[in-house]
Structure formats: C-alpha cells, structure tokens
Amino acid sequence: MAGVSATPPAIIVLGPGALATAQRVKALYEGARIHALQDRVSGDVAFAELGAHLRDCYTRGLPIIALCAAGIVIRCLAPLLANKGAEPPVLALAEDGSAVVPLLGGLTGVNVMARTIGAALAVAPAITTSGELRFGTCLLNPPAGYALASLAQGKRFVSDLLAGDRTRIDGHAPWLDHVDLPRDAHARHAIRVSAQAWDGNPADLVIHPRSVIAALGAVAVPDATLAATVERTLQAHGLARQALAAIVAPATLMGDASLANAAAALDVPLRFVDADIDGDIGAGLDTAIAAGLAPNKANEANVQRIAANDAGIALTVASAPVDPLAIGRARGKLTVIGLGPGRADLLTPAARAALDDATDIVGYATYVEMAGPLRAQQRRHATDNREELQRARHAFEMACEGRRVAVVSSGDPGVFAMAAAVLEALEASQDPRWHAVELAIVPGVSAALATAARVGAPLGHDFCMISLSDNLKPWSVIETRLLHAAQADLVMAFYNPISRARPWQLDRALDVIRGVRSGDTRVVLGRDVGRPAETLRATTLGALRSSDVDMRTMVIVGSSMTRGFRRVGDEQGEWIYTPRWYPQDDTAT
Ligand code: SAH
C-alpha cells in the first residue's frame, strides 16, 4: 500500500452501530485496533472520553479513523492544529460506511487511506486536495522505498504544474506510469528519480529511491561520529542522505551502541552479517547485499560498488529501492514484560508497546493469552512446562536469529518470575550471540500492589514479599525469614502461598507468625485480583485457615499497626491501611 503510514491506525467507535464497518476497515490494516467508548461498546482498547482520547492518539502519531461526524473530530483536534508539526492521517468515516472523508495528514498518506477504505466499502472518497484530484496521486507522498528530497521545493513544483507547466520524468518511477501528469519529454521541469543529491535546480522535483547500502568492514571501529562519517561518505560521492537504505555491519559488532545510534540518527535499518574467523566479511557481505537488491528487478543492472574509504565504509549504489530486511539479520531483542494482574488497563503503555513490537511471545499459555490482542503474524510460544531456564534459553536462541522476543510474566517480571531466570540463563552462557542481544525488562503491577490497592493501603509502611514455595529454596530459609519478618513487625505479602504439591507449608508458616503476632492482626486475601473472577476478603491471623487460600491467592498479613475502618454512612466495605508512622518511643533516652 504505497505511502501509507506504517503505524497501524486507531479505529474509533462510539456505539455498537459502527462496529460492523469498523471491523471491515480493521481487516485492511495489519495491527489496527478498534478503540471503543467505554460502557457503550467494546473493542480492543477502551476509552472514557472522546476528545481526550483523540488528542492522545493524535499526539502519539497514530493514524485515526473515526466513525463519527467530521465536525466532532475537527472540534476535538482543533486545539492541536495551530502548530503544524508531523501530522498523522485523520479520517472521518460514516458509521454505515457510506462516506469516507480525509481530514488531515495530506503528506502522511491520508488520501491513500481514503482511497483504500473507499475501495473496500465501495464508496468514492471525498478527496479535496487539488494536486491529488488533478493527477490522481500525491506527488509529494511517494510510495514506500522512496523519499522526497525537499518538501518546500515539492510544493513549488506541484503548484507550477497546477498553473500549467509540464514535466518530464528522469529515472525509474513505476508508480507514476498510470498517473495523469502533463508530460513533455522536452519540458524544463523534471521529476528526477535518483540517488544523487538534489543540485538545487528549482525546476526539479527530486525523489530518492532508498537504494544505497553503507557497509562497515570487519576492521571498522564505529564511534560517536559514525553517522556524520557515513553522511560525509555519501556526500563525497554526490549521494543524498535520504537515498541511504541500510547500514550493514559484521555480526561481531552487534552489541555496539555507537552503531545503533548512527542507524537511529540516519533513520535506517541496521543489519548484520556473519564474519568469518579472520574478520573478513567480504563473501558473506556480497551475498547479503545481493539478497537486498534481488527483490527489485530493476536492480539487475546498474549497480555501482564504491570500495571502502579510510573509515572502512563501502557503498553499494543501486538504481531502485533495495529491501533492507532481506539483508543479513537485525540485532535481536529480548524483552521481559510484566503484564500486571490481568486487566488491560493495568498493563502499562510501555508493556503494550513492547508486546506490539514483538515478533514472538513466550510464556505460560495463560499469560500468552493475557498478552492479547496479538496480530496473526506474531508467533506464540505457549508452554505449560515449569522449566523457566529452558524457556529463557529458547527465548535467547530466537533473539539471536534477529527476532524480537517478548517473554511474558504476570504482575512484575522481576517478582518471582521470568526476569531473574532470563538473567541467570544469560550469565551462565558464554555464547557471544546471546550477550549481543538487546535486552530490556519492562515492569508491571505486581499482585501484592494490585491487591493492596483494592482494599486500601496495607503496604503503607515497611513490608516484605515472601514466596512460600520451597521448590527452589529450603523450607528452613523460609521459616527463618518469616520469624525475622514477624519479629521486625513488617507487613508480609505471600506469593505462591499453597499448592497441591505443597499442602502443609502455609499452616506451618502461620504457626511461626502466630508465635510472634497477635491473633487479631489484619489479613487480606486477594484471589484473581484484576481478573473477572476477582474476590477480596478481610480476616485476621487468628481466623485464617489454609483452606481459605489457593495458588491464585495473594495473602497480605498486616503489622501490629495495620487497621481498618468503615466510611461514615457506609455499612459495606472496610478500608484497610497501615499508617506511615509508629508511636514515638518515649522510653528512649
Ligand atoms: N510475577 C508475579 C508473581 C508470580 S508468583 C507478580 O508480580 O504478581 C505467582 C503468585 O502470585 C501466585 O501464587 C499468587 O500468590 C500471586 N498472584 C499472581 N497473580 C495474582 C492475582 N491476579 N491475584 C492474586 N494473586 C496473584
């Protein structure tokens, strides 16, 4: 889909009447989500207030397809329109699919989207952009694989044509073949499709195919100035920076931050090729680059190779766009993600973004399910085995191949969950490929925090988190900790309190604590917190029975200070909290 912004759109619906049309549009865009007005209709993402939500999507650069009146959308976004920065496409779409109106984002592909949606719904899109109407395309929004040299110059060029000038086309512009342009082989104006930098001639509209590959030799030493060095190298050969399609480097440099920074600064993919033991990537590099050229038939001829300069940078200049993703492989990524207790609105935006970015999702079947909605192309590796280290190794192996792997845990991944297993597997490995993978850990709302928030603030003062599972530690360690925690008057949050394989441990733990703390100590039980089957119960240490608890329960045992009260006029729930203070010890001298 030429020129369409790569970010999947937000499809906004306000009521059930719009859902059928929304689903049809969703099917057109990989990764699109239906954002639905809470309590009226359900979709992939719920929002509470239309204006705030539209502004949020807009500032995040999400293309917006709003199934409501154009006027509503305009009014909601008006406060943001004064400063014309990067503008995502915004369209209004009639609920019944009978009209599609592109509103904003002429340079980011709104008209292309309007045509695509119009074609799918069999209606004529309400296109009002004069250049588009006259020529049937936006010359200033070339398809994927091409970049405009100068927007200001482009606008001048289009208005010259609208005023009656004619143009020739220099170079290979297949997407213009069927465009109704005022052509003239001898015209002063030219649409020039080339990797060569624009020479400033005001009669030219210059469009660069992303057709140049910059390769670093195995001996190159990337540093903080790398982006500037690549630019200088391009300049020295008269090539435009926008024509750069990719940077290719030996896999031995995969963990190098300056390389990643340079690719980010130049806004191109960074691809890696295996070096042999002598550090010579010559043959492997040639094969990899050939793979990037191959998808475009036009690159069978006219490929220029420029040998490495002093900085170790060699250039390959093709005539048509290359496919950077066909060259070697990317640096893989492994992200350990905390999903929170289960509710979508307790999943952090950072976790959602990391999930959306992943190619592979790894974890217990229940958690992989909880990580949805996932796209069809995202591979799910749901396991029920309890071998966390094995799962971590599998994740690293996939990341080494250049995949972006998300390992999911419930709650926080660092609290009795996968993050420590992933780090343990990494530390035990000498494989340099594992150590070169990009690694990140995204926190989540842990069960103790989610439970505490539902009942008040029982963790309002010093507390500890203890797993009662003796699968990975001796029971004696647990007992010692319980005793000390009880003596220190810490509030305690118990994870993994009981299971079929560990039937007696909780009673034993409670005995230890009862030896120190009084029977009226506050206890909170949260089961399936943040999930549809959620239950909460307040009880006391004296009344608590292990049969009240199962492996889906969080047990919070209060300190001597933890207390509860009912709000005035409220006979229902009690609010439980631990004050931030202790009585001052006036026996101290
Ligand atoms: N990483 C998770 C904890 C994993 S250990 C986190 O940070 O929450 C698993 C234990 O966590 C369970 O035995 C249970 O005690 C607790 N737990 C996890 N999710 C829960 C939920 N939604 N409600 C109550 N307890 C939960």
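- The protein goes by Precorrin-3B C(17)-methyltransferase in an unreviewed UniProt entry, where it is assigned to Paraburkholderia acidisoli.
- In its Pathway (unreviewed entry) section, UniProt records this for the protein: "Cofactor biosynthesis; adenosylcobalamin biosynthesis."

Brief notes about the overall build of the protein
Stage number 1. Along its length, the protein carries 17 helices and 28 strands.
Stage number 2. The principal-axis extent of the C-alpha atoms belonging to the protein is close to 100 × 65 × 50 Å.
Stage number 3. Burial status across the protein gives 47% buried among its 589 residues.
Stage number 4. Across the protein, every contact between residues at least 6 apart in sequence was considered, and the portion connecting residues at least 24 apart equals 62%.
Stage number 5. Side chains of the protein carry 55 positive and 60 negative charges; the gap between the two charge centres is 4 Å.

So, the sheet that holds strand β21 (residues 456–457)
Paired through backbone hydrogen bonds, the strands of a sheet run either parallel or antiparallel to each other.
Stage number 1. Strand order in the open sheet made by the three strands is β21-β28-β27, with mixed pairing throughout. Looking along the sheet, the strands with just one partner apiece sit at the ends: β21 and β27 (563–565).

Describing the side chain of R33
Stage number 1. Relative to the helices and strands, R33 resides in strand β2 (residues 33–37).
Stage number 2. Of the polar contacts made by the side chain of R33, one reaches the side chain of D356; its length is 2.7 Å.
Stage number 3. Setting aside residues up to four positions removed in sequence, R33 forms contacts with P9, A10, I11, D44, V45, R352, D356 and P373.

A short note on empty space enclosed by the protein
In this approach a probe as big as a water molecule rolls over the atoms, and the regions it shows empty are the leftover space.
Stage number 1. Going through the model one piece at a time under the given rule, you end up with one cavity of 30 Å³ or more.
Stage number 2. As a volume, the largest cavity reaches approximately 40 Å³.
Stage number 3. The wall of the largest cavity is formed by K333, L334, T335, A354, D357, A358, R404, V405 and A406.
Stage number 4. Listed by contribution, the elements that provide at least two residues to the lining of the largest cavity are β16 (333–338), α10 (349–357) and β19 (404–409).

What counts and what doesn't
- Note on numbering: residues in each chain are counted from 1, in written sequence order.
- Totals for whole chains, interfaces and linings use every residue, but because this is a predicted model, local features are given only for residues with pLDDT of at least 70 and side-chain atom pairs only at 80 or more, for both listing and counting.
- Remark: hydrogens and water are excluded; side-chain values derive from all non-hydrogen atoms of the structure.
- UniProt positions are given in the numbering used here, feature names are shortened, and annotations may be inferred rather than shown by experiment.
- To qualify as a helix, a DSSP run of H or I must reach at least 4 residues; to qualify as a strand, a run of E must reach at least 2; elements of each kind are numbered from the N terminus.
- The buried label goes to any residue with under 20% of its type's maximum accessible area, the exposed label to any with over 50%, and the partly exposed label to all in between, with areas taken from a 1.4 Å probe on protein chains only.
- The contact criterion used throughout is that any non-hydrogen atoms of two residues lie within 4.5 Å.
- In this tally Asp and Glu are treated as negative and Lys and Arg as positive; neither His nor the chain ends contributes.
- Here the site of a charge means NZ on Lys, CZ on Arg, CG on Asp, or CD on Glu.
- Two strands are counted as paired when DSSP detects at least two bridges linking them.
- Counting of polar contacts relies on pairs of N or O atoms within 3.5 Å, with two restrictions inside protein: one atom must be capable of donating a hydrogen and the other of accepting it, and residues adjacent in sequence are counted only when both atoms are side-chain atoms.
- A 1.4 Å probe that fits into a set of points on a 1 Å grid over the protein atoms alone but cannot get out defines a cavity; an open set with protein on both sides within 12 Å along at least five of seven lines defines a pocket, and lining residues are those with an atom within 4 Å of a point.
- Grid points are joined across faces, edges and corners, and a volume is the space filled by probe spheres set on the points.

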